[in-house]
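Architecture and fold: a report
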Amino acid sequence: MKKPFFLLIPFFLLMALVLASIWNVLTQSLGYIPAFGLREPTFGYYARVLKDPGFLSSVLVSLKISVWSAVISTVLGVLLSMALIQCWKQRGGHVFAVRIPVLVPHAVAAVFMIQIFSQTGLLARLAFALGLLEEPAAFPQLLFTPSYGGTILAYIWKEAPFVAYFVLAFMGGIRSSLGEAAENLGASPVKSFFQITLPLSVPVISRAFLIIFIFAFGGYELPLLLGSTLPRALSVETYLAYTRPDLLDRPLAMAMNGVMLLLSIVMTILYSVVMDRVNRKIGGIQ
């Protein structure tokens, strides 16, 4: 047996665990849980979920969080990557400092947001000390609101550096070859970036966008800690349904997970189709 096969064993074990979990969700969402005396599969739980106005509100909340978080994080991450490329040769400490948000757990990021952006946080007290506010409570309420601004802000703080490092090596390679060639022919660094480096990096940037979008759509910690009680994000609503005392409601929670899984797959397919067309147009232009 060759060594490369041994190196793939952890991957196969992880995929087996993921597939087993998906199978467990799907079977329980159909109401098949022999341990609870439920042995007849049915789509009734999915019907109950889809008819629930609260569930539909949760879906819209999660979509809003994921769209805003992915779009803003991607834009800021690309701009940050552009700045890092300019100082790539310097290898300064500021290049590595942006790794810190990527390493910070999401629960810790939520604590940072509360300590800084709440109405009793550092910014509110600083503005009050400088005479900009009559009282700290006059600071704009960014956290725990139905708009989920605090949740989106935390995702941006975490994921924009992720985008930067995800695309940095690829964009740096283009910048050191085609980008420098364009600059030698008279193009400015900004023009070279937006007309050469950025278009060629669209496939990599699109993958980073998709990762953030799907992750934020199913993320649990930040919506729970920084969001409002109503409407709740889909992940929070699913968890609360799963932890209800009545175990016979367990299939209902699994049906919510099943809908979340189906939506994630559909959005991934649609996104892949759209980006494939975009990449073909870019390739045609080049």
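A brief report on the enclosed structure follows.

Looking now at the overall build of the protein chain. Secondary structure assignment for the protein chain yields 13 helices and zero strands. A burial count over the protein chain gives 39% of its 286 residues as buried. Partitioning the intrachain contacts of the protein chain with sequence separation of at least 6 by distance along the chain shows that 72% fall at a separation of at least 24. Taken as a whole, the protein chain presents about 16300 Å² of accessible surface, with 71% of it coming from carbon and sulfur.

This part takes up unusual backbone geometry. A cis amide bond, omega -10°, links Leu230 with the succeeding residue Pro231. Tracing the backbone through its elements, the reader meets Pro231 in the loop between helix H11 (221–226) and helix H12 (234–242). The phi dihedral of Phe144 is positive, around 60°, even though this residue is not glycine. Checked against the element boundaries, Phe144 lands in the loop between helix H7 (122–129) and helix H8 (149–184). Taking the relative accessible area as the measure of exposure, Phe144 reaches 40% and is therefore partly exposed. With a phi angle near 55°, Tyr148 is a residue other than glycine that sits in the positive phi range. Checked against the element boundaries, Tyr148 lands in the loop between H7 and H8.

For the rest of this paragraph, the subject is the nonpolar core. Formed by 27 residues in total, the largest nonpolar core has its most connected members in Val49, Phe55 and Leu234. The set of elements that each furnish at least two residues to this core consists of helix H2 (44–51), helix H3 (53–86), helix H10 (202–218), H12 and helix H13 (250–285). In terms of residues, this core owes the most to one element, H13, which gives nine residues. Those residues within four positions of Val49 in sequence are excluded, and the remaining contacts are Phe55, Leu252, Ala255, Met256 and Val259.

Moving on: a nonpolar patch on the surface. A grouping of Val67, Val71, Val75, Leu76, Leu79, Val190 and Phe194 is seen on the molecular surface, where their side chains present a nonpolar patch of about 550 Å² in accessible area. Counting only elements with at least two residues in the nonpolar patch, the list comes to H3 and helix H9 (189–200). Top contributing element to the nonpolar patch by residue count: H3, with five residues. Position of Val75 among the secondary structure elements: in helix H3. A residue is classified by how much of its surface remains accessible, and Val75, at 46% relative accessible area, is partly exposed.

Moving on, we get to H2. Among the residues making up H2, those that are buried are Tyr45, Tyr46 and Val49. Buried positions in H2, seen along its axis, are confined to an arc of 100° and lie on one side of it.

Scanning the entire structure with this criterion turns up seven aromatic pairs. Centre to centre, the rings of Tyr155 and Phe215 are 6.5 Å apart; their planes meet at 90°, and the pair counts as edge-to-face. You can see Tyr155 sitting in helix H8 and its partner Phe215 sitting in helix H10, a full 60 residues away along the chain. Cation over ring: Arg250 sits above Tyr242, and NZ or CZ is 4.0 Å from the ring centre.

On the secondary structure map, Ser235 appears in helix H12. A distance of 2.4 Å separates the side chain of Ser235 from the backbone oxygen of Gly219, its partner in a polar contact. If near-sequence neighbours (up to four positions away) are discounted, Ser235 is found in contact with Ser62, Gly218, Gly219, Tyr220 and Met260.

Time to look at the environment of Leu79. Tracing the sequence through the fold places Leu79 in helix H3. Separated by 85 residues in the primary sequence, Leu79 and Ala164 have C-alpha atoms spaced 7.9 Å apart.

Our focus in this paragraph is the packing of H3 against H10. Remark: H3 packs on H10, axes separated minimally by 8 Å, with the N-to-C direction vectors making an angle of 150°. At the point where H3 passes H10, the crossing takes the right-handed sense. Here Val59, Ser62, Leu63, Ile65, Ser66, Val67, Ser69, Ala70, Val71, Ser73, Thr74 and Val78 of H3 lie close against H10, whose contacting residues are Ile205, Phe209, Ile212, Phe213, Ala216 and Phe217. Looking at the contact of H3 with H10 residue by residue, the class counts come to 13 nonpolar, five polar and no charged.

The rules behind the values
Residues numbered from 1 in each chain as written. Predicted model: local features only at pLDDT ≥ 70, side-chain atom pairs only at ≥ 80, totals over all residues. Heavy atoms only, no water. Helix = DSSP H or I, 4+ residues; strand = E, 2+ residues; numbered from the N terminus. Buried < 20%, exposed > 50% of the residue type's maximum accessible area, 1.4 Å probe, protein only. Contact = heavy atoms within 4.5 Å. Areas by Shrake-Rupley, 256 points an atom, 1.4 Å probe, with all protein chains shown as cover. Core = buried A, V, L, I, M, F, W, Y, C linked by side-chain atoms within 4.5 Å. Patch = residues over 30% accessible without salt bridge, like charges linked within 9 Å, V, L, I, M, F, W, Y side chains within 5 Å. Salt bridge = Lys/Arg side-chain N within 4 Å of Asp/Glu carboxyl O. Arc of directions from axis to C-beta. Phe/Tyr/Trp six-rings, centres within 6.5 Å; stacked < 30°, edge-to-face > 60°. Lys NZ or Arg CZ within 6 Å of the ring centre and 35° of its normal. Polar contact = N/O pair within 3.5 Å; in protein donor to acceptor, adjacent residues only side chain to side chain. Axes fitted to C-alpha atoms, helices over the stretch in contact; angles between N-to-C directions. Left-handed = near helix turned anticlockwise from the far one by under 90°. Nonpolar A, V, L, I, M, F, W, Y, C, P; charged D, E, K, R; others polar.

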